[in-house]
Amino acid sequence: MKATAPVARALAGRRWMPFWALICHRGRRSGTAYETPIAVVPTTDASIVMIGLPWGAKTNWARNVVAAGGASLRWRARDIELVRPRIVDGADAERLARAPFRPVLKRFPAAIVFERG
């Protein structure tokens, strides 16, 4: 992950990278600003944004955005405010994902779902 992070950070959020984005958040204790490259999962509902959590719900950036109640997302060369984050299990994530992505989400232990702000 550390080896690929600089490449992912350089590409995430660009118009021609439809799945990669940067989630901008603050540390829940330090208040430090972070930009974390993530993959956005296409959903059946355009009013929500879902990000898979392949390493589980205790991922630091996910804990930060839940504690803050939201974050901003740099996706497809646009900034989007995300509000009301909630952690869902793999089965719920599978139901929210578009059909081609369901088998992958079913294997994830969790995902985080936001409403567009």
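Computed from a predicted structure; not experimentally measured.

**Side note on the overall build of the chain**
Link 1 in the chain: Regarding its fold elements, the chain presents four helices and six strands.
Link 2 in the chain: The order of helices and strands in the chain, counted from the N terminus, is α-β-β-β-α-β-β-α-α-β.
Link 3 in the chain: Expressed as a percentage of its 117 residues, the buried residues of the chain come to 40%.
Link 4 in the chain: Within the chain, residue pairs in contact and separated by at least 24 positions form 59% of the contacts whose partners lie at least 6 positions apart.
Link 5 in the chain: In the structure as shown, the chain presents an accessible area of about 6900 Å², 55% of it carried by carbon and sulfur atoms.

**Some points on the nonpolar core**
Link 1 in the chain: Among the nonpolar cores identified, the biggest contains 18 residues, and Ile-23, Ile-38, Trp-61, Leu-73 and Ile-112 are the most heavily contacted of them.
Link 2 in the chain: Every element with two or more residues in this core is listed here: strand E1 (20–26), strand E2 (33–41), strand E3 (48–53), helix H2 (60–68), strand E4 (70–75), strand E5 (78–89) and strand E6 (110–116).
Link 3 in the chain: In contact with Trp-61, other than residues within four places in its own chain, are Ile-23, His-25, Thr-36, Ile-38, Ile-51, Leu-53 and Ile-112.
Link 4 in the chain: Within the second largest apolar cluster, nine residues are counted, among which are Met-50, Val-88, Ala-97 and Leu-105.

**With respect to unusual backbone geometry**
Link 1 in the chain: Positive phi, close to 55 degrees, is recorded for Arg-76, a residue that is not glycine.
Link 2 in the chain: Relative to the assigned elements, Arg-76 resides in the loop between E4 and E5.
Link 3 in the chain: Assessed through its relative accessible area of 34%, Arg-76 is described here as partly exposed.

**Considerations on the pairing of E4**
Link 1 in the chain: Extensive coverage of E4 is indicated by the burial of five of its six residues.
Link 2 in the chain: Here E1 pairs with E4 via three bridges, running antiparallel. From the neighbouring strand, Leu-22 faces E4, where its bridge partner is Arg-74.
Link 3 in the chain: Between the antiparallel neighbours E4 and E5 lie two residues, among them Arg-76 with a positive phi of about 55 degrees.

**Considerations on the sheet that holds E6**
Link 1 in the chain: Taken together, six strands build a closed barrel; the order of strands is E1-E2-E3-E6-E5-E4 and the barrel is antiparallel. Between one strand axis and the next, the sheet turns through 45 degrees on average, direction left out of account.
Link 2 in the chain: Of the pairings in the sheet, the one linking E1 to E2 comprises seven bridges and is antiparallel in character. Counted as the bridge partner of Cys-24 is Glu-35 from E2.
Link 3 in the chain: Packing of H2 onto the sheet brings it into contact with E1, E2, E3, E4, E5 and E6, and relative to E1 it is tilted by some 55 degrees.

Conventions we followed
- Residues numbered from 1 in each chain as written.
- Predicted model: local features only at pLDDT ≥ 70, side-chain atom pairs only at ≥ 80, totals over all residues.
- Heavy atoms only, no water.
- Helix = DSSP H or I, 4+ residues; strand = E, 2+ residues; numbered from the N terminus.
- Buried < 20%, exposed > 50% of the residue type's maximum accessible area, 1.4 Å probe, protein only.
- Contact = heavy atoms within 4.5 Å.
- Areas by Shrake-Rupley, 256 points an atom, 1.4 Å probe, with all protein chains shown as cover.
- Core = buried A, V, L, I, M, F, W, Y, C linked by side-chain atoms within 4.5 Å.
- Pairing = 2+ DSSP bridges.
- Axes fitted to C-alpha atoms, helices over the stretch in contact; angles between N-to-C directions.

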